[in-house]
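# Observations on chain architecture
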Amino acid sequence: MSRQNSVAHSVAGTECKGVAMARTAKLKVLTDKAVSAYTKSKKATPLHDGGGLYLRNRESGAFWYLRLTDPATKAQQWHRMFPDDPAGHYPSKTLADARDEAERLWKQRSQGHDPRALRQQQIAEEAARAAEAAEQSRRRITVRDLFDHWARVELAPHVRSDGKRSGRKDGGAYIRQQFERRIFSTLGSVAVADVRKSDVLALLDEVTAAGKLRTANVLLAALKQMFRFALARDMIERNPLDSVTKRDAGGQETERERTLDADEIKTLAAALPAARMNPRSVAAIWLILATGVRVGEAMNAEWANVDLDSGKWYLPETKNGRDHVIHLSAFALTQFTALAALKEKDEDGKPVRWVFPNTCGKGPVDVKSFGKQLADRQRPPEKRLQHRSKNCETLKLPGGRWTAHDLRRTAATLMADLGISGDVIDECLNHVIESRVRRTYIRNRRPVEQARAFDALGAKLTALVTGTVEPSNVITMEGVRAA
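The subject of this paragraph is the nonpolar core. Counting residues in hydrophobic clusters, the biggest one holds 53 residues, and the most contacted among them are Leu268, Ile285, Trp313, Phe336, Phe370, Leu395 and Trp402. Sorting elements by how many residues they give to this core places helix H12 (residues 279–291) first, with eight residues. Excluding residues that lie within four positions of it along the chain, Trp402 makes contacts with Arg256, Arg258, Leu260, Leu268, Ile285, Leu374, Gln378, Leu395, Leu397 and Leu407. Membership of the second largest hydrophobic core comes to 33 residues, among which are Val195, Val200, Met226 and Phe229.

Further remarks concern the packing of aromatic side chains. All told, the structure shown has 10 aromatic pairs when counted by the stated rule. Centre to centre, the rings of Phe147 and Phe184 are 5.5 Å apart; their planes meet at 85°, and the pair counts as edge-to-face. Linking Phe147 in helix H6 (residues 143–155) with Phe184 in helix H8 (residues 184–187), this pair joins segments that are 37 residues apart in sequence. By the burial criterion, Phe147 is buried, and Phe184 matches it. With centroids separated by 5.1 Å and ring planes inclined at 85°, the aromatic side chains of Trp313 and Phe336 adopt a geometry described as edge-to-face. You can see Trp313 sitting in strand E8 (residues 312–315) and its partner Phe336 sitting in helix H14 (residues 330–340), a full 23 residues away along the chain.

With that out of the way, let us pick up the side chain of Ser329. Within the secondary structure, Ser329 is located in the loop between strand E9 (324–327) and H14. For Ser329, a relative accessible area of 1% translates into the label buried.

Turning next to the environment of Gly251. Among the secondary structure elements, Gly251 is positioned in the loop between helix H10 (213–232) and helix H11 (262–275). When the C-alpha atoms of Gly251 and Arg214 are compared, they prove to be 8.3 Å apart, with 37 residues separating the residues in sequence. Here Gly251 is in contact with Asn217 and Lys246, once residues within four sequence places are set aside.

Turning our eyes to something else, we now look at the packing of helix H9 (residues 197–209) against H10. Two numbers describe how H9 lies on H10: the axes approach to 8 Å, and their chain directions differ by 155°. Relative to H10, the element H9 lies roughly antiparallel. Residues Val200, Leu204, Val207 and Thr208 of H9 pack against Leu213, Thr215, Ala216, Leu219, Leu220 and Leu223 of H10. Looking at the contact of H9 with H10 residue by residue, the classes come out as eight nonpolar, two polar and no charged.

Before going further, it helps to spend a moment on the packing of H12 against H14. Their axes nearest at 9 Å, the elements H12 and H14 cross at an angle of 155°. Put simply, H12 runs roughly antiparallel to H14. Read as a crossing pair, H12 and H14 show a hand that is left-handed. Of the residues in H14, those touching H12 at Arg280, Ala283, Trp286, Leu287, Ala290 and Thr291 are Phe331, Ala332, Gln335, Phe336 and Leu339.

Relative to the assigned elements, Ala304 resides in the loop between helix H13 (295–299) and strand E7 (306–307). For the pair Ala304 and Arg353, spaced 49 residues apart in sequence, the C-alpha separation works out to 7.1 Å.

About the criteria used
Residues numbered from 1 in each chain as written. Predicted model: local features only at pLDDT ≥ 70, side-chain atom pairs only at ≥ 80, totals over all residues. Heavy atoms only, no water. Core = buried A, V, L, I, M, F, W, Y, C linked by side-chain atoms within 4.5 Å. Buried < 20%, exposed > 50% of the residue type's maximum accessible area, 1.4 Å probe, protein only. Helix = DSSP H or I, 4+ residues; strand = E, 2+ residues; numbered from the N terminus. Contact = heavy atoms within 4.5 Å. Phe/Tyr/Trp six-rings, centres within 6.5 Å; stacked < 30°, edge-to-face > 60°. Axes fitted to C-alpha atoms, helices over the stretch in contact; angles between N-to-C directions. Parallel < 35°, antiparallel > 145°, perpendicular 65-115°, else oblique. Nonpolar A, V, L, I, M, F, W, Y, C, P; charged D, E, K, R; others polar. Left-handed = near helix turned anticlockwise from the far one by under 90°.

What follows is the structure in C-alpha cells.
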C-alpha cells in the first residue's frame, strides 16, 4: 500500500483529532472504473475512497457507507448512506453522489450532530408515528362495526348475575333491519369519529318526509344510545346527537288513547264471523282482551307454559324482563280450549310447541302478521292492498281505527270500570312499578287480587259478547275495597 493511502486509512480509522484532520488526508482515491470493477468482482472487502467513505458489496447490491467513531464509546461504526432511498445504492448512487453526501455528513458532524444518532432518532420517531397511526386506525371503527359491537353487548339477551334479563328479546333484530334499510347504505362504512350531526339528520329527514314519523324517532333513539355506548368506551370524543331531540326527527309522539267501549266490543263480536280471519287470530283478539297481555308476548306463547287444568299462563320472557303469571278466567280458558283444538304436528309427528305457530310450524307467527290482519279489515275498499283480504271494513268500529295494543289498553280500562284498583291493574298488565323504593320493598305481586280482577274482566267480556253472565267469583268495587 502506498504511503498516501496509508495516511488516508489511518485518518479515517482514528478520527482522533476531529474532522479537520480527516480533511488533510488523501481523499478521492477511487475512480468510476475502479468502482465498477469492484462491484462486478463481488469482493467482500470494502473499497475505500478516503475520508471514511467506503463502498461495500452486499447480496442485494453495492452500498455506500461512512466509517464513523461513536462520540461516547469511541467504537468504530458503519453508517449506511442514503438509507431512505430505495435506489440508494450503486450504480443509482454514483461515486460523485456518495462524495457529496459524505461531505454533507462530515459537515453535520463538525457541527456536533452525529449522523448515526440522528438516524436512530429518526427511526424511533417514524416507529412512534407508525404505532400512533396504527392505533388511530384501530380506533376508527365504522358505523357498521360499532353497531355490531353495540348489538352484541347491549341488544343481545343476557341473564345478569341477579337473575334478571337485560337486552332485547329479539336481540336487536328489528333495529338491525331498520339500520340496514335506512342507515348503513350511506353511513355504514364511514368511521364513527367522522359522523356529523348533519349526516344523521339528513337520513332521518328522508324517513320523516316519507311519513314514517315513529320510525324516525325509533332510529334517533337507537342512534343516540349507540353513540352514547361508543362515547363511554372512548371510541369517540363526543356524541354528535347529544343536542338532537324528537322534535328534530319525527316529532313529539302523541300517546294513543284509543279503547273499545262496551258497544264496540259487542259490535266486534258480531262482525268477526264476516271478517273471515284465521280462527287463531280471532281467539287472539279475545285472549288479549281477557288477559291484557302484550301482543308480542301472546304471539310467542308456548303450550308448555299454559296449564289449562290450573288455569295459569306463565310468561317467562316479557318486554320488561320480568316474568309474569296470568290467571285464566273462564272466558280466557275458552279461548285456549279453542286454540288447543287447532293444535298441529310438525314434520316429526310431534305437537307444534307454539300456541300461534307460523305456516311452516317452525316458529311463532310474526307479530306484524296479526296486526296486518286487523288493519286490512279496517281499510276503505279503494285502499285495499293487493293479494290481501277482500273483507275490507268488516272490523271498522264507530270509534275509529284500532290496533292490537288498543285491546290491551281496553282490558285495563274495563278493569278500572269494574272498580279494580290501579296498582292491581298494573300487576295484571305486568307493569314495572315506577317508584324505585316501592319496587325495592314491595315484592308481593298480589296474585289473589290479580285472579279476582281477571275473573271480573272475563265475566264482563262474557256478558258483552254473549249477553249472559259468566259464573265466576266476580266482585264489586265494594268487594275489591273490602279485600
